[in-house]
Each structure stands twice: as structure tokens, then as C-alpha cells.
Amino acid sequence: QEALVPGDKQTTPQNNPGVASVNLSDPKLALGSQIYQNNCRQCHSLTEEVVVGPGLKGITERRPEDWLIKWINNPQRVHDSGDEYAVNLVRQYNG
């Protein structure tokens with residue numbers, strides 16, 4: 001099965017050439033897609049477009065994997081720790 005995000009009609013490789021499809025038969029990719037669909041898509045695009053929060057294109061070039069895992073699991077804890085990047089994100093996108 002190939003799709004960008006199951007059920008995502010807004011961002012597809014066909015209408016956004018900068019976004020590639022992934023093979024969702026890989027369990028880790030399928031889980032990541034499900035997490036995005038259920039928890040991230042309302043506020044984040046897979047492109048550079050700002051929805052409520054920043055677009056996710058290139059996020060792994062902006063932040064290291066260990067930071068992303070912490071942020072995805074508990075953004076409030078990362079923010080409350082005083083992490084400068086997290087504090088600036090909240091300030092920029094949440095007023």
C-alpha cells in the first residue's frame with residue numbers, strides 16, 4: 001500500500017511534487033503515519049506551509065531525532081524544561 005498519509009486528500013505526491021509517498025506496509029512507517037494523522041495533521045502540514053504550527057518539511061534537518069522524540073511525546077515538558085527552541089516555537093506560533 002502506498003500513500004502519503006492514509007485519508008489525507010490535501011497533501012499528496014500528485015498535488016505536491018516535493019512530498020514523496022511511502023510504503024505503509026512497513027510497520028514503523030504505518031505507525032508514524034497514524035501518529036501524524038491522529039495527533040499532528042490538524043496543526044501541521046507535511047510541507048513548509050504553516051497551518052497553526054510550522055510545516056514539517058525538513059524538520060529532521062532543523063532538530064535532532066532525540067529532541068523530536070521528546071517533543072512528540074510531551075511538548076509541554078520540553079517547553080517547561082526551558083529548551084530555547086521549544087520556548088521560541090511556542091512564543092512564535094501560540095502567541
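Since we're looking at a predicted model, the values are computed, not measured. (Residues numbered from 1 in each chain as written. Predicted model: local features only at pLDDT ≥ 70, side-chain atom pairs only at ≥ 80, totals over all residues. Heavy atoms only, no water.)

Details of the state of the cysteines
Spelled out, the test is: The disulfide criterion is simple: two cysteine sulfur atoms within 2.5 Å. When accessible area is computed with a 1.4 Å probe and restricted to protein chains, residues below 20% of their type maximum are described as buried, those above 50% as exposed, and intermediate ones as partly exposed.
Scanning the entire structure with this criterion turns up zero disulfides. Note on Cys40: no disulfide assigned, nearest cysteine sulfur contributed by Cys43 at a separation of 8.8 Å. Under the relative-accessibility criterion, Cys40 is labelled buried at 18%.

Some thoughts on a nonpolar patch on the surface
Quick note on the threshold: Patch definition: residues above 30% relative accessible area lacking any salt bridge, with like charges linked at up to 9 Å and the nonpolar side chains Val, Leu, Ile, Met, Phe, Trp and Tyr linked at up to 5 Å. To be clear on the numbers: accessible area is Shrake-Rupley with a 1.4 Å probe, and residue cover counts the displayed protein chains and nothing else. By definition here, a salt bridge exists when the distance from a side-chain nitrogen of Lys or Arg to a carboxyl oxygen of Asp or Glu is within 4 Å.
Nonpolar side chains collect at one region of the surface, where Leu31, Ile35 and Ile72 lie side by side and expose about 270 Å² of accessible area between them. With a relative accessible area of 55%, Ile72 lands in the exposed category.

Focus: the environment of Val90
Let me state the cut-off plainly: Secondary structure elements are defined from DSSP: runs of H or I of at least 4 residues count as helices, runs of E of at least 2 residues count as strands, and each element is numbered from the N terminus.
Mapped onto the fold, Val90 is located in helix H5 (residues 84-94). Of the residues examined, Val90 reaches a relative accessible area of 26% and is grouped as partly exposed. Here the alpha-carbon distance between Val90 and Gln76, two residues 14 residues apart in the chain, equals 9.6 Å.

What to know about the packing of aromatic side chains
As a reminder of what qualifies: Note on aromatic contacts: the rings of Phe and Tyr and the six-membered ring of Trp form a pair at centre separations within 6.5 Å, being stacked when their planes are under 30 degrees apart, edge-to-face when over 60 apart, and tilted otherwise.
The final tally for this structure, using the stated rule, is two aromatic pairs. Centre to centre, the rings of Trp67 and Trp71 are 5.2 Å apart; their planes meet at 10 degrees, and the pair counts as stacked. With a gap of four residues between them, Trp67 and Trp71 both fall in helix H3 (residues 65-73), about one helical turn apart. Plain terms: the ring middles of Trp67 and Tyr85 are 5.4 Å apart, the flat faces sit at 85 degrees to each other, and that makes the pair edge-to-face. Taken as a pair, Trp67 in helix H3 and Tyr85 in helix H5 lie far apart in primary sequence, 18 residues in all. Aromatic rings pair up to connect Trp67, Trp71 and Tyr85 into one cluster.

Brief notes about the confidence of the model for the protein chain
Under the convention used in this document: pLDDT measures how confident the predictor is about each residue, on a scale from 0 to 100. Residues count as neighbours in contact if any of their non-hydrogen atoms are within 4.5 Å of one another.
Across the protein chain, the average pLDDT comes to 82, with 76% of residues at or above 70. Of all helices and strands in the protein chain, the one with the weakest mean pLDDT is strand S1 (residues 2-3) (42), whereas helix H4 (residues 75-80) scores best (96). Confidence drops under a pLDDT of 50 for residues 1-12, and excluding neighbours within four residues, the segment shows 35 contacts in the predicted structure.

Quick look at the nonpolar core
Rules: What makes a nonpolar core is a set of buried Ala, Val, Leu, Ile, Met, Phe, Trp, Tyr and Cys residues whose side-chain atoms join them at distances within 4.5 Å.
In this structure, Trp67, Leu68, Val78, Ala86 and Leu89 together form the largest nonpolar core, which totals five residues. Going through the elements one at a time, H3 and H5 are the ones with two or more residues in this core. Each residue touching Trp67, except ones within four places of it in the same chain, is listed here: Val78, Asp83, Tyr85, Ala86 and Leu89.

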